[in-house]
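# Secondary and tertiary structure notes
So the chains spell out like this:
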Amino acid sequence: MNCGSFSTARSTSSSSTRKTCVSRLSSLSSLPPTERTQRETTLQSKRATVEAWLAREASTLQKYRLDLSEQHQKTLAVLRKQQTLILDEELIQWKRRQQLAGNGGPHEGGLDILQSWCEKLADLIWTNRQQIRRCEHLTQQLPLPGPMEDLLSKLNSDITDIISALVTSTFIIEKQPPQVLRTQTKFAATVRLLVGGKLNVHMNPPQVKAVIVSEQQAKALLKNESTHSESSGEILNNNCVMEYHQATGTLSAHFRNMSLKRIKRSDRRGAESVTEEKFTVLFESQFSIGGNELVFHVKTLSLPVVVIVHGSQDNNATATVLWDNAFAEPGRVPFIVPDKVLWTQLCEALDMKYKAEMHSERGLSEDNLVFLAQKAFTSTSNNPEEYRNMTISWAQFNRESLPGRNFTFWQWFDGVMELMKKHLKPHWNDGAILGFVNKQQAQDMLMSKPNGTFLLRFSDSEIGGITIAWVAENPNKAANPEDDPNKRLHKYICERLVWNLLPYTTKDFSIRSLADRISDLNHLLFLFPDRPKDEVFAKYYTPPLSKAVDGYVKPQIKQVVPEFTTPNPEPSGTTSTFMDQTTSPSVVHANNFAAYPSMGDTMLDAEADFDLEDTMDVARHVEELLCRPMANQWSSQQS
């Protein structure tokens, strides 16, 4: 730049000298011929010298200008390379992490670092643009023949394209709207301009508008086809002004109370359901930089959104979102995803989702994934290698029901996750729930264990169900003593079976927890393989009920399996029953009798010996009742 200014100054001085020579030549006509000829020769010689000097200076200036132009071209190449690295690699990777976070992947992070890179890049690009504009101005002041004007024009166009790409690409969605979006429900989103602070966009804060568009409309937008004012629904509270936060240096717009009032659906293709139809939220804004020198109309699309109107559609909508987030390719046409993927790819997505729902690093083991493969492919193979190169289609995942069931593979898996995250998360994280075990596997595992050994597995037949399987003797079937060849074992030889309790669902656990239910069942002794149940579950037992308040105590619900009900002596000597309801001593009256002793009254003492005194009291009480007239008994009960 300095070279250009210096050359311009020298050229201006030489031009003045040349004009002086021309002026003197024109004044020679008044001189005598001899003197005139002599002076003409001298002046023409000086004129030739000046013109030669001017030509050299012009050539030098042109060389400086071309050199400067070449340096600008090299600088632009470096800026393009750096911008490609930031926008096409780092920013795209950040967006990919953001999409996987929708499936439970690690938080995307790193946006502040990206912003610092983008701001430094914007500063360099803007400085170079100003230099190119200054060169154009100097060239206009002293035009020289040659390609400079075209070169500078192209440089200006190129640098403008670079800064335009930077500005439009860094208008991003920092917080995505929910990907399963229910109508008439509030939702939030945040958009951010990573170079807004550096380019002083906040000096005239722009407004951002949000509209919902269909998949077809999104495709048209990316092709730059006109879709002005087109939308597929109505979003309330969809305008927001971008605010600059001085402390963080961020320029962003926070949509806090948006609500989808209505949605307009397109004609569905073939077997596609409403929960497979994808929309996107379009955020757009307009602002200028450099004193209105450059005006930008920026747009950005959210991740695919599935719109539902009822909670029952949530699990199928989540399946669409999970498949899209897991298998979308960068730079795709909205919102194309493969119809089939490798089973191992789906395993990664399911494991990521499961760990996120459980808030645990304990994900799906290889045995768990083999169980899921058996369910998905209706297979009996236990070899994980057999499934490694198999593919699973979207239809197998969540369109076609499992054989003999009225639900899909995903619906079963999603039901398991819902049950676990609502009620059983601690037990999964403790390793107490095997879960992904079928009925035959449970039988094989338990038959080699002592009676009372149990495990917890997910129900095959019910969505969101979990059952207890345990090994025990059959209380309803005893073999003949003659079947004992040694005649020495015991009075009867009992048949050993693996029993499966009717599956529990989230409704059951909202009444009584899994730990308390296991505590109630006295025939359950060891959690597979050999852990005493209290060692595993005692910390989750509900504390004993407090003493009576104002003459009342709460009834306690306990679970029993009739065939396996056995008394479980408690420290007080009382016997547990299906519904324990002990009368408070403060409300017992001397004239208040019952025809039978309450179930809480013990016939055995704490050592399980026969208590004669209590038995005689009961006998006398019954005898007294039998001797009374029926009317008196009725009136006594009513009092």
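As the structure is a computational prediction, the values presented were derived from the model and not from experiment.

Before going further, it helps to spend a moment on the side chain of His523. Relative to the assigned elements, His523 resides in the loop between helix H13 (514–520) and strand S17 (526–527). Given a relative accessible area of 13%, His523 falls into the buried group. Beyond its immediate stretch of four places on either side in the chain, His523 contacts Gly452, Trp470, Val561 and Phe564.

Let us now look at the sheet that holds strand S4 (residues 207–214). In spatial order, the strands read S6-S4-S9-S10; together these 4 strands make up an open sheet with antiparallel pairing. Of all the strands in the sheet, just strand S6 (239–241) and strand S10 (294–301) have a single pairing partner and so form its edges. Averaged over all pairs of adjacent strands, the angle between their axes in this sheet comes to 25°, without regard to strand direction. Against the sheet, helix H4 (residues 148–169) contacts strand S9 (279–289) and S10, and its axis sits at roughly 40° relative to S10.

This part is about the pairing of S10. A regular strand places its side chains so that they alternate between the two faces of the sheet. The alternating pattern of S10 places Leu294, Phe296, Val298 and Thr300 on a buried face and Val295, His297, Lys299 and Leu301 on a face that is not buried. Pairing between S9 and S10: 8 bridges, direction antiparallel. For Gln286, the partnering residue across the bridge sits in S10 and is His297. The hairpin formed by S9 and S10 contains 4 residues between the paired strands, and Gly290 there has a positive phi angle of roughly 65°.

A word on the packing of aromatic side chains. Overall, the coordinates contain 24 aromatic pairs when judged by the stated rule. Relative to Trp428, the ring of Tyr354 has its centre 5.0 Å away and its plane inclined at 75°; by these criteria the two rings are edge-to-face. Within this pair, whereas Tyr354 is found in helix H7 (residues 343–358), its partner Trp428 is found in helix H10 (residues 409–429), the two being separated by 74 residues in sequence. Given a relative accessible area of 0%, Tyr354 falls into the buried group. Judged by its relative accessible area of 0%, Trp428 is buried. Considering the side-chain rings of Phe397 and Phe409, the 6.3 Å spacing of their centres and the 50° angle between planes classify their relative orientation as tilted. Taken together, the residues Phe397 in helix H9 (residues 394–398) and Phe409 in helix H10 connect sequence positions 12 residues apart. One Lys or Arg, Arg362, reaches over the ring of Trp428 and ends 3.6 Å from the middle of that ring. Above the plane of the ring of Trp412 lies Lys375, whose end atom (NZ or CZ) is 4.5 Å from the centre.

This next bit is on the pairing of strand S14 (residues 453–458). Where burial is concerned, most of S14 is hidden: 6 out of the 6 residues are buried. A two-sided burial pattern is seen for S14, the buried positions comprising Thr453, Leu455 and Arg457 on one face and Phe454, Leu456 and Phe458 on the other. The sheet contact formed by S14 and S17 spans 2 bridges and is parallel. Bridge pairing in S17 links Phe454 to Leu527.

Here the amide bond leading from Pro334 into Phe335 is cis, since omega sits at -20°, within 30 degrees of zero. As for its position among the elements, Phe335 is in the loop between helix H6 (314–327) and strand S12 (340–342). Here the phi dihedral of Gln184 falls at roughly 60°; this positive angle occurs in a residue that is not glycine. Within the secondary structure, Gln184 sits in the loop between strand S2 (180–182) and strand S3 (186–193). For Thr378, which is not a glycine, the phi torsion comes out positive at approximately 50°. With respect to the helices and strands, Thr378 occurs in the loop between helix H8 (366–377) and strand S13 (391–393).

Each value, and the rule that gives it
Residues numbered from 1 in each chain as written. Predicted model: local features only at pLDDT ≥ 70, side-chain atom pairs only at ≥ 80, totals over all residues. Heavy atoms only, no water. Helix = DSSP H or I, 4+ residues; strand = E, 2+ residues; numbered from the N terminus. Buried < 20%, exposed > 50% of the residue type's maximum accessible area, 1.4 Å probe, protein only. Contact = heavy atoms within 4.5 Å. Pairing = 2+ DSSP bridges. Axes fitted to C-alpha atoms, helices over the stretch in contact; angles between N-to-C directions. Phe/Tyr/Trp six-rings, centres within 6.5 Å; stacked < 30°, edge-to-face > 60°. Lys NZ or Arg CZ within 6 Å of the ring centre and 35° of its normal.

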